[in-house]
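Fold and contact review
Now for the letters of each chain:
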Amino acid sequence: MKQAHQNPSENPPTASCGCSELSESEMLKRLDVIIDTYQSTDGALIPILQAAQNLFGYLPKNVLRRIGERLHIPYSQVAGVVSFYSFFSTNPRGKNLVRVCLGTACYVRGGKEVLSAMQKTLGINIGETTEDKMFSLEVGRCFGACGLAPVVMINDDVHQRVKPAKIKELLGAYRDAKQPTQEAAAC
Amino acid sequence: MIKLTIDRNCVEVPPETTILQAAKKIGIIIPTLCYLQGKDPIGACRVCVVEIQGGRNLVSSCSTPVNEGMVVFTNSPRVRKARKLVVELLLSEHEGDCQICDRADDCELKTLAYSLGIRESHYVGEKPKRSLDTTTAALMRDSGKCIKCRRCVTVCNEIQRVGALFPQNRGYKTLIGPAFELGLDDVPCVQCGQCAAVCPVGAIVEKSHVDMVWAALEDKTKHVIVQTAPAIRAALGECFDYPPGTLVTGKMITALRRMGFHAVFDTNFTADLTIMEEGTELLMRLKKALVDKQPVALPQFSSCSPGWIKFTEYFYPEFLSNLSSCKSPQQMFGAIAKTFYAQKKGVRPEDMVVVSVMPCTAKKFESTRPEMSSSGVKDVDYVLTTRELGQMIEAAGIDFRALEDGQMDSPLGLSSGAADIFANSGGVMEAAIRTAYEIVTGRGLPTENLHIQPLAGLQGIKEAALKLEKVLPAWSFLEGVELKVAVAHGLSNAAALLDLIKAGKAQYHFVEVMTCPGGCIGGGGQPRFTTDEVRQARIQAIYKEDEGKSLRKSHENPDVKKLYEEFFKDGPCGHKSHELLHTHYVDRSDKI
Ligand code: SF4
Ligand code: SF4
Ligand code: SF4
Ligand code: FES
């Protein structure tokens, strides 16, 4: 059997979204309020998922389980709906968002190699977050810096002519930075 | 009525009929993959396309209703080409190792590809990620073989109301299965195998015990015995091209003996025993309620069907005390085989191997429950489905159709007709009433042929009431009581019934639930494909078996009586019976 995803974690989503002052039980209480608001409407599932993602920044599994339980919808169905829409994310966002450009120019000038080096270095796939919650990895479509391809964006910083061999170093600067360059989007 | 022409034949059908159904009526079988009898068509596979004269596009016949004057072609060159394309595309994504596939014998995709004349693959597609799910005791899932027809999703969600399976992701990445690629054991799957029964391909199959059973039969140090559930005799013949509903009890016994089992016994024997125990339990509950005025869980629910037990443990834990504490006949058999029979034989329980042949995949799970080792070792070692037994008989080179009839061995082989009908929805209840009525009144059940008509058939929820009058003095507290019973099959029907009971909208004394539609004859381990017509045919066969016996009531089974005299000396629900024949249940509601 293939192992279940390592992300998202079953753990309470307290630390990753900047609302760390809220305990898990308080978070779930707020989730219950959301569910109560929508419960009686038809097709309540999607609005509830949206509101919950706004609240937590992403949709942790314990939140999905709670929603299923309260709405009497099987967990597998809730997960099915969540995975159908790319809008929903079940992965917490890391402190730093890494986006590798795979626009045409970057693609032909080594973007793919940069991406696979990035995946290897971080040990995660596209759409995932490292276990220490430092990095999330995504793919971009042209950041408008084609002349300097391949391009990688980390948070708001554009890095040009990135070489696979230099990636460790590049990421190191962000890992070591005491304050993340940008607070992860949530709350 | 609506008149139309299909392949130059005139046909008249009621409005709302689909082209697929209308064609079937005149003997034209349009191939289908996603369509499931009795359920709304989802129109996903497009294998069932037909051409309508004057229409620009081909339409899927499973979801298109007939129209007056319609002219339909189900086998035009355009249709054949379109079907071929659909199947070729499916094959391009498919892990096609037919030679070693569990479904080599009855795969709908393979048959379709063959009949459409596909002899080479034109498309080489990228194959989706393949993963195997072996987490449950009963089932295996192979995503590489799944064609995403969603029949299993419909069955698991709508017929069983379990919801373990659902489409995950979207488009090319779609996977049919539990949340987040979890294993079936990580979500509340009751292991009923109804998904495996409807899957057209080898994407969900039972976990095979065939090799283990052959190994046991080869092991000279083991005494290997077999028990066969009542539903096998009405379905095994289908593995050897007999029409559904052919009784093959005698041939089945001979085949098992030839395979090398040291004794061939009958789960029917412990079905009779179950009636003694479960009936006594019910009368005790009623006494507690009516005479002692003590709080007691009523209605009592039957407990023969392990999928139903697990369903209650997950979704309705508040009803656990309503479940009869009786083990299922399979597990009662294992427990007495490795104690009573082992002692008689002078065999140590650890040197005995008990094999079951069951119509059910959940029985594989049930045999692994930790509670099911009353003899000190695992009471039932291996569980074969009807399909697995058919396969073993074939592998052994036994010409099944040419076999003579054999007889079950003693002392665990004799049974009443009441035990046979355990195979059908309504049968356990009828068997219980045949015995309870007679115990309480001293008279035989006054109904025609001992049947309780309202409880028979395929309606999802059935009810009956029976007034107890002129009862024997020992049961005077039941004088004038109207015994109310209900029967449900298919877990969505069971859930609907539980919700009614919970809301106080229905009151019963005794409720029978079978996990699978139609009861065990429609079990997840039966030969494919089980339609309602097949269910009806098997049910008829079982009633025939029952009516053909001189012994029709469980309490009249002389070997059951002897078992109480020699072994369970303190009677039904006595101390020893509690040790061996009864069990307890686990609240699993935190796992949903
Ligand atoms: S599922 Fe059918 S087509 Fe696929 S490998 Fe098995 S037998 Fe062959
Ligand atoms: S075995 Fe039954 S409960 Fe489990 S997935 Fe299949 S249909 Fe659903
Ligand atoms: S597992 Fe079988 S029934 Fe379920 S979607 Fe796949 S092919 Fe269809
Ligand atoms: S059977 Fe009609 S679309 Fe699949």
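Reading the values: the criteria
- Residues numbered from 1 in each chain as written.
- Chains lettered and ligands numbered in written order.
- Predicted model: local features only at pLDDT ≥ 70, side-chain atom pairs only at ≥ 80, totals over all residues.
- Heavy atoms only, no water.
- Helix = DSSP H or I, 4+ residues; strand = E, 2+ residues; numbered from the N terminus.
- Rg over C-alpha atoms; globule rule 2.2 N^0.38 Å.
- Buried < 20%, exposed > 50% of the residue type's maximum accessible area, 1.4 Å probe, protein only.
- Contact = heavy atoms within 4.5 Å.
- Areas by Shrake-Rupley, 256 points an atom, 1.4 Å probe, with all protein chains shown as cover.
- Lys, Arg positive; Asp, Glu negative; His and termini not counted.
- Charge placed at Lys NZ, Arg CZ, Asp CG, Glu CD.
- Near = heavy atom within 4 Å.
- Nonpolar A, V, L, I, M, F, W, Y, C, P; charged D, E, K, R; others polar.
- pLDDT = per-residue confidence, 0-100.
- Patch = residues over 30% accessible without salt bridge, like charges linked within 9 Å, V, L, I, M, F, W, Y side chains within 5 Å.
- Salt bridge = Lys/Arg side-chain N within 4 Å of Asp/Glu carboxyl O.

Some points on the overall build of chain B
On a plain count of helices and strands, chain B comes out with 18 helices and 18 strands. Since a compact globule built from 592 residues should have a radius of gyration of about 25 Å, the 25 Å found for chain B is in line with a globular shape. Principal-axis analysis of the C-alpha atoms gives chain B an extent of 80 × 55 × 50 Å. Out of the 592 residues in chain B, the part that is buried amounts to 61%. By sequence separation, contacts in chain B at least 24 residues apart represent 74% of the contacts at least 6 residues apart. Surface accessibility of chain B: about 23,600 Å² in total, with carbon and sulfur atoms responsible for 52%. Averaged over its 70 positive side-chain charges, chain B has a centre that lies 3 Å from the centre of its 71 negative ones.

Observations regarding the overall build of chain A
Along chain A, the regular secondary structure elements total six helices and four strands. Seen in sequence order, chain A has helices and strands lined up from the N terminus as α-α-α-α-β-α-β-β-β-α. Counting all 187 residues of chain A, 46% fall into the buried class. In chain A, once contacts between residues fewer than 6 apart in sequence are set aside, the share between residues at least 24 apart is 65%. Working note: accessible area of chain A is about 9,800 Å², and carbon and sulfur atoms make up 50% of it.

Focus: the site of ligand 3
What surrounds ligand 3 is the set C146, I147, K148, C149, R150, C152, I176, C199, P200, V201, A203 and I204 of chain B. Partitioned by chemical class, the residues of the shell around ligand 3 number ten nonpolar, no polar and two charged.

Focus: the confidence of the model for chain A
Residues and elements named next belong to chain A. Of all residues in chain A, 83% attain a pLDDT of 70 or more, and the chain-wide mean is 80. Ignoring residues within four places in sequence, the model shows residues 1–21, a span with pLDDT below 50, making 53 contacts including any to other chains. Under a pLDDT of 50 for its full length, residues 179–187 has, in the predicted model, 17 contacts with residues more than four places off or in other chains.

Quick notes on unusual backbone geometry
Residue P411 of chain B is bonded to the preceding S410 of chain B through a cis peptide linkage, with omega at 10°. Inspection of the secondary structure assignment puts P411 of chain B in the loop between α12 (386–395) and α13 (417–420). For the bond running from R528 of chain B to F529 of chain B, omega is 15°, close enough to zero to count as cis. Looking at where F529 of chain B falls in the secondary structure, it is placed in the loop between β18 (510–514) and α16 (532–547). Residue H72 of chain A is not a glycine yet carries a positive backbone phi of 60°. With respect to the element layout, H72 of chain A can be found in the loop between α3 (61–71) and α4 (75–84). Phi is positive for N169 of chain B, close to 65°, though the residue is something other than glycine. Relative to the assigned elements, N169 of chain B resides in the loop between β8 (166–168) and β9 (175–177). Overall, the relative accessible area of 24% leaves N169 of chain B in the partly exposed class.

Overview of a positive patch on the surface
Residue and element names in this part refer to chain A. Together, R109, R161, K163 and K166 make up a positively charged patch on the protein surface. Mapped onto the fold, R109 is located in helix α5 (residues 104–122). With relative accessibility at 44%, the residue R109 sits in the partly exposed group.

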